[in-house]
Amino acid sequence: MTPGEPAPGVRPGEHGGEPPIADARRGGAPPAGPAPAAANEGPTSSGAGDASRPAGRAEDEGPAVASGDEPAQGGTGTGSPPGSTGAAVGGRRMPGRRAAGVALVALGAALAAVVALTTPWRPLPGPAPGPPDPARDFTAAQIARAGAFDAALSMPGYLSLAVTLAIAGVLVLTPLGGRILGRIHGPWWLRTLLGVLAVTGTGLLLKWPLGMWYETRLREYGLSTQGWPAWSGDRLKSFAVQTALMAIMVLAVVWLARHRPARWWIPAAAGAFVLTVAVSFVYPLLVEPLFNDFRTLPPGPLRDDLIAMATRDGVPVSDVLVADASRRTTALNAYVSGFGATRRIVVYDTLLRAPAKEVELVVAHELGHAERGDVLYGTLVGALGAAAGACALFLVTTWRPLRRRTGVDSPGDPRAAGLLVGLMTVATIASGPAQNLVSRPIEARADVHALDLTGDPATFAAMQRRLALTNLSDLEPDPFEYVMYASHPSTPERLALARAWARAHGRPGP
Ligand SMILES: [Zn+2]
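Residues numbered from 1 in each chain as written. Predicted model: local features only at pLDDT ≥ 70, side-chain atom pairs only at ≥ 80, totals over all residues.

An unreviewed UniProt entry lists the protein under the name STE24 endopeptidase, from Sphaerisporangium rufum.

For the protein, the count of helices and strands is 16 helices and four strands. For the protein, with 510 residues in total, the buried portion stands at 51%. The long-range fraction of contacts in the protein, counting pairs at least 24 apart against all pairs at least 6 apart in sequence, stands at 85%. (Helix = DSSP H or I, 4+ residues; strand = E, 2+ residues; numbered from the N terminus. Buried ≥ 20, exposed ≤ 12 C-beta atoms within 10 Å, placed from the backbone. Contact = placed C-beta atoms within 7 Å.)

The subject of this paragraph is the UniProt feature "transmembrane region" (unreviewed entry) in the protein. Summarizing the sequence annotation, UniProt attributes the feature "transmembrane region" (unreviewed entry) to residues 99–121, 158–176, 188–208, 239–257, 264–286 and 375–396 in the numbering used throughout. Secondary structure across residues 99–121 comprises 87% helix and 0% strand; the distance between its end C-alpha atoms is 34 Å. End-to-end, the C-alpha atoms of residues 158–176 are 24 Å apart, and along that stretch the chain is 89% helix and 0% strand. (UniProt positions renumbered as here; feature names shortened; annotations may be inferred.)

Once that is clear, we can look at unusual backbone geometry. For Leu 472, which is not a glycine, the phi torsion comes out positive at approximately 55°. Tracing the chain through its elements places Leu 472 in the loop between α14 (457–471) and α15 (479–485).

This paragraph deals with the sheet that holds strand β4 (residues 344–348). Backbone hydrogen bonds hold the strands of a sheet together, and the pairing may be parallel or antiparallel. Read across the sheet, four strands follow the order β1-β2-β4-β3 without closing on themselves; strand pairing throughout is mixed. Each edge of the sheet is formed by a strand with only one pairing partner; in this case those strands are β1 (294–296) and β3 (334–337). Each strand axis lies, on average, 30° off the axis of its neighbour in the sheet, ignoring direction. Pairing geometry for β3 and β4, over four bridges, is antiparallel. Residue pairing across strands places Tyr 335 opposite Val 346, the latter belonging to β4. Contacting β3 and β4, helix α10 (residues 356–372) crosses the sheet at an angle of about 20° to β3. (Pairing = 2+ DSSP bridges. Axes fitted to C-alpha atoms, helices over the stretch in contact; angles between N-to-C directions.)

Where helix α3 (residues 140–173) contacts helix α5 (residues 188–220), the two axes come as close as 8 Å, and the packing angle between them is 175°. Between α3 and α5, the crossing angle belongs to the class labelled roughly antiparallel. Every residue of α5 that contacts α3 at Ala 152, Leu 153, Pro 156, Gly 157, Leu 159, Ser 160, Val 163, Thr 164, Ile 167 and Leu 171 is listed here: Val 199, Thr 202, Gly 203, Leu 206, Lys 207, Leu 210, Trp 213, Tyr 214 and Arg 217. Residue composition of the contact of α3 with α5, grouped by class: 12 nonpolar, five polar and two charged. (Parallel < 35°, antiparallel > 145°, perpendicular 65-115°, else oblique. Nonpolar A, V, L, I, M, F, W, Y, C, P; charged D, E, K, R; others polar.)

Laid out in structure tokens, this is it:
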């Protein structure tokens, strides 16, 4: 696995493992949250300036939680003697911070508890699988080729990540973003919208050559089947989807911050939760068709086998869809996306060239996701994270040192668009390792499900080897890549799991 070239969120040509639940889990809204309101914040009232504030206690305590409504200009605080209630009385302290902090801690604790209690940390009962050993299943030449491919993608991948972080860093830590966006004129919503577009468009342009470099490598290794026009079309569509989502979130934050300067984090957290769930639900209907055509698996023995297997498994599946992935890649993949009425099992058309038994194994893995409701679960956990992110965004954007650095005093100011995009980008990247940490055991559980359902570790292993060799999967991911990007266990780990399963069930190991 390699760093981020395939556009995050929507990743048409991904070369790694399956995007299954990963897509749904990540397709949702990055932590969104707004920040305090417009230009004149400050609860207070009495107009005491910064100077009046006792040194050392600054940003973090808001006005009393209970009263934490809008700053109420001139209102409430006016009469209270300093220190009498513990509420902020001086200066530019932003009201609502304490309540937002409490909400953030509560949401974070709930998230941690849910994840700790529901993640299948040990997907296979009994003795732990042996250590992963690529040399057991792959020749030295195969391991070397996978390593070379990984190394070839590293440079454009890491550079792309570096550009993303550099842009975000400039927006979050310097006044440059606010200054440039300050030159845009018009109504607040138009300025905000153009601000988002300016920032995301800059990223698109700066990373375009890196994307071409990455794509060139894919072609050298025979993984891409695309020409430049199709590649460019994919990239622009991906950009449009991500920018539209980002614009919705940023517009919502700016609007809320203008209307509820001290409490916008409450509707923002609720909105982030709802948006994440909604995006995950409609993703298969609105986004996936932008990149692929889907047809139903044609009648025949394979279709009959798959439907029969799903029925045996107790997972009602009326259809299996085939995506025309071969228009851009030779990689093999399958995934589940959506939930409820939009749930679907999709296999790449490239996978159908594999032996039917191996296709069944792949679908059995996806049935494991479907049976456990992994997409819905991942969506809800992600939504909780997004709500927490909204609270964090409020706290960060009302933090005085940051306001000073960026020269943007409130997210209600359209010049804050760049800062908001930067913060959301950083939060999305930073949450990746946590998502992967939870995703890997969930993937392993789906593997165990596939083994239980088929009772066929030998075919499971054959399928894993085929996936790894065709997709040039990283057989020896280094620790950094593993933590940052591995949404699935490595192929040697999955093979070790299959052997442990075979031992536990008294079957011949692969
Ligand atoms: Zn999976």
